[in-house]
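What follows is each chain in one-letter form.
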Amino acid sequence: GGKGGRRLCVGVSLWAATLPEAGTSEAGGPEFVDEAARLSREASADGHTIQANEDQHDPDEHCPPLNCINLAAKLCADLVKKVVAEGPSLATEDDFASALSCFQKVLGETVPSFAARLAGDASGGQSSLLERQQSSCIFCALDLDAGTVFQEEGAKYCFAEGATERSAEELAGYYAELCRSQPSLRMLLRPFAPKDSSKAEALAKLRTLLPEGVVVIEEEAAMYRNLDLGSCGLVAQYQGNAEAFSAKPALYDFTQRASLLPSAPSYLSVSLTLPEASRSLVLPKVESWEELEAMLRPLSHFFRQVLSSMYAELRATDGREKNVNLGSAQFREGLTRLGWVDAEKYSDVIFELMDWRKHRSLSASDLAAVEQMDGRASLQQLDAFRLWLCDAVRQRQASKASDGGKTVEESPMTMLVNRMDASGSGSVCFGSFHKALKAMHHPSASSENAGQLREVFMSLDLSGKGSVSTQEFSCLSLLSARYQLKRVAFVRAFLEKTFGSHKAAFKAIDVDRKGSISADQWLDAMIKQHGYQDREDLASCLNFIDKDGSRVLTNKEFEALGGFSEDQLVQDLKAFRTLLEEKHGSLRQAYEAFAGESSGAAGVDAEAFVAGCRSMGLSLPSTPRLLFNFLDAMHFGRLQCKDFLLLDSLDIVERLQRASDNLRPAILSIKALVADRARGHDEEDTLALDDDEDAAKAPVDPTAQWVSLHKDLRDATEGEIF
């Protein structure tokens, strides 16, 4: 504990009970399923045909001990006792690292087998389920309670008098570095103040910087479950706001509600039915093991019953009906038994792809949606989505204006984000994305084929977690901007091929010899006289080479097209980002400096952007106006803070390409499996046909083929427990 509500929590999962050190305490040794159940399971396993390449698991590998609650809690209590005795209070942020280092030291002394694994010294790979679960079964959670140290004047955080003051963006970098240096730190609680207006952007940046597996939980985002509602109240809350629960980590904090601990099993029963990404129970600190054991007795009985019933048999024997959905392990095993040669390689990839609700299960319709997809969207598809979005916003504003309504001038991207994230949670799932676009009458959202929208969403959700932060969603602008650069290259190649040189091209279009070409003249001449087909290519080219924003091209601007280089512009953008951070400390502070006294409320227009670049003494091959045009991918005419922050994501195209390269082969392979199965069924149908020449087969329904695959996967694994 420390000042305010700051605290260091030692966390364990049930799998900590399987560590060698957990079975040597006064909590007793591990207790597995009773002997009769063990023999029954082994008998069922003997009756199951084991393939030559199939692992034969130990019966207990998938089963933590029945007394796992007591074993894990005793191990945790021992760690807490030693850390409290040796560690500092959390008075300043300097103490965070000290407390975590103390925990690492205690961990090495108390649980050396786990400490060695955490440090990467354990021999062998983490191939088995048990080894994978053990690799993260002990961790730390740091509760920052940052709201108590936030200074609204200046928007700074200071954890103690005289300590370093940091902005939200700087604090995000500090937290990320702390997590990288302390691999046991796996959870950050309340890292930013609710009153901090820059919190959403800082959270988005923090999540991009954090090592994989580190969880961030915010108090006001409903991740802190309100225990006063009771378990039934949480169900009602979920029914009213499912998005607050879907694929998000949940915290059940009993430290201030110790009287509710006897009811913990009822909360957990509800939690296990909700689509939460994870659930963590925070227990109050107690003085003795006996007191903790008594406190946990209801939970211990609950888990003993669950484990006894789940792991007694390989196959269900209670007459239960098959689950209509497929779990991950069941999906993989079923595909293996149906003979998919790539099951081991790609089944998890396909499952994670189609489990877009992150419920850890696939329905027949979820699986059938693969038919509509080829992979993540291309840059061309993303730019086409940008064009549709800009046009939809223009039509909406024009309609309001014609009806005499008040219009609010806002970026198309800002408008869409506000529609999707109406609750202000800072993240968007596919359901919210689809719902917002359906309300805006996107053609794919209104049809049964939402494959195009899934591909767009996946291009932003590169980690496959099922949701994207609002700042990550803004990367759509960056991806569109990169394709607009390719449009410029297409036009340049056409001019060189058609006219031989840019000087000759300008002369051919400037028929009245004014020495300039208007936007309308440029478009009319290229389309009507010279047969260029894509109007958007021409618009993008005009936007990038029009250095002064006059919508009129001079001979000098036109000739500059010959030296235009996408690679050079990207390099200049990276250099620009570095200069902004050196000059202003962070991209957010740079934005505020460019926006001037308005604090960026109206954004930064081209004139202010060029002036800001000049005040920095910017000298790059690419002009300030060209940098502005790239960042203003939506052609809104002003840059917002999120546009400046995109400079931190300039590698998004390369990351998208890597993610696409991993996904497309998996989709092609499982589509090939479905096609092969369909051909096999067609041959059976042909053999069954009469000699009647008029006999005709009904047209093949692609969806039915996937539904058939889903049913066969369930049949192949009927009655088995996964």
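All of the points below concern the structure found in this document. Note that the structure is a prediction, hence the values are computed from the model and not measured.

Points about the overall build of the protein
Here is step 1 of the chain: If you tally the helices and strands in the protein, you get 31 helices and 14 strands.
Here is step 2 of the chain: Long-range contacts, defined here as pairs at least 24 residues apart, represent 71% of the contacts in the protein between residues at least 6 apart.
Here is step 3 of the chain: With an accessible surface of roughly 34000 Å², the protein has 49% of that area assigned to carbon and sulfur atoms.

Regarding helix H6 (residues 168-181)
Here is step 1 of the chain: Here H6 contains 14 residues, and its C-alpha end-to-end distance of 20 Å stays within 8% of the 20 Å for a straight helix at 1.5 Å per residue.
Here is step 2 of the chain: Where H6 is concerned, the buried positions are Ala168, Glu169, Leu171, Ala172, Tyr174, Tyr175, Ala176, Leu178 and Cys179.

Observations concerning the packing of helix H15 (residues 379-402) against helix H16 (residues 412-420)
Here is step 1 of the chain: Remark: H15 packs on H16, axes separated minimally by 9 Å, with the N-to-C direction vectors making an angle of 85°. Our classification of the angle between H15 and H16 gives roughly perpendicular. Residues Phe385, Leu389, Cys390, Val393 and Arg396 of H15 form the contact with H16, whose own contacting residues are Pro412, Met413, Met415, Leu416 and Arg419.
Here is step 2 of the chain: Residues of the contact of H15 with H16, tallied by class, amount to eight nonpolar, no polar and two charged.

Some details on the pattern of salt bridges
Here is step 1 of the chain: Applying the stated rule across the entire model yields 33 salt bridges.
Here is step 2 of the chain: For Glu177, the salt bridge goes to Arg180, with nearest N and O atoms at 3.3 Å. Residue Glu177 and its partner Arg180 are located together in helix H6, separated by three residues, close to a single helical turn.

Points about the sheet that holds strand S5 (residues 185-189)
In sheet architecture, strand pairing relies on hydrogen bonds along the backbone and comes in two forms, parallel and antiparallel.
Here is step 1 of the chain: Strand order in the open sheet formed by four strands is S1-S2-S5-S6, with mixed pairing between adjacent strands. This sheet does not close on itself; its edge strands, each paired only once, are strand S1 (7-12) and strand S6 (215-217). With strand direction ignored, the average angle separating the axes of adjacent strands in the sheet is 20°.
Here is step 2 of the chain: Sheet analysis places strand S2 (residues 138-143) next to S5, joined by four bridges and oriented parallel. Looking at the pairing, Ala141 lines up with Met187 of S5.

So, how was this worked out
- Here the residue numbers are simple positions, counted from 1 along each chain's written sequence.
- Selection of residues for local features in this predicted model requires a pLDDT of at least 70, selection of side-chain atom pairs for listing and counting requires 80 or more, and totals for whole chains, interfaces and linings are taken over all residues.
- Calculation of side-chain values draws on the structure's entire complement of heavy atoms; hydrogens and water are dropped beforehand.
- Strands are runs of DSSP state E lasting at least two residues, helices are runs of H or I lasting at least four, and both sets are numbered from the N terminus onward.
- We call two residues in contact when some of their heavy atoms are within 4.5 Å.
- With residues, only the protein chains shown are counted as cover, and all accessible areas are computed by Shrake-Rupley using a 1.4 Å probe.
- The span you would expect from a helix comes to 1.5 Å times its residue count less one.
- Three exposure classes are used, based on accessible area relative to the maximum for each residue type with a 1.4 Å probe and protein chains only: buried under 20%, partly exposed in between, and exposed over 50%.
- To obtain each axis, a line is fitted to C-alpha atoms, and for helices this fit is confined to the stretch in contact; angles are then taken between N-to-C directions over 0 to 180 degrees.
- We call two directions roughly parallel when the angle between them is under 35 degrees, roughly antiparallel when it is over 145, roughly perpendicular when it lies between 65 and 115, and oblique otherwise.
- When residue character is reported, Ala, Val, Leu, Ile, Met, Phe, Trp, Tyr, Cys and Pro are called nonpolar, Asp, Glu, Lys and Arg charged, and the others, Gly included, polar.
- Each salt bridge in this description consists of a side-chain nitrogen of Lys or Arg and a carboxyl oxygen of Asp or Glu lying within 4 Å of one another.
- DSSP calls a pair of strands paired once it identifies at least 2 bridges connecting them.

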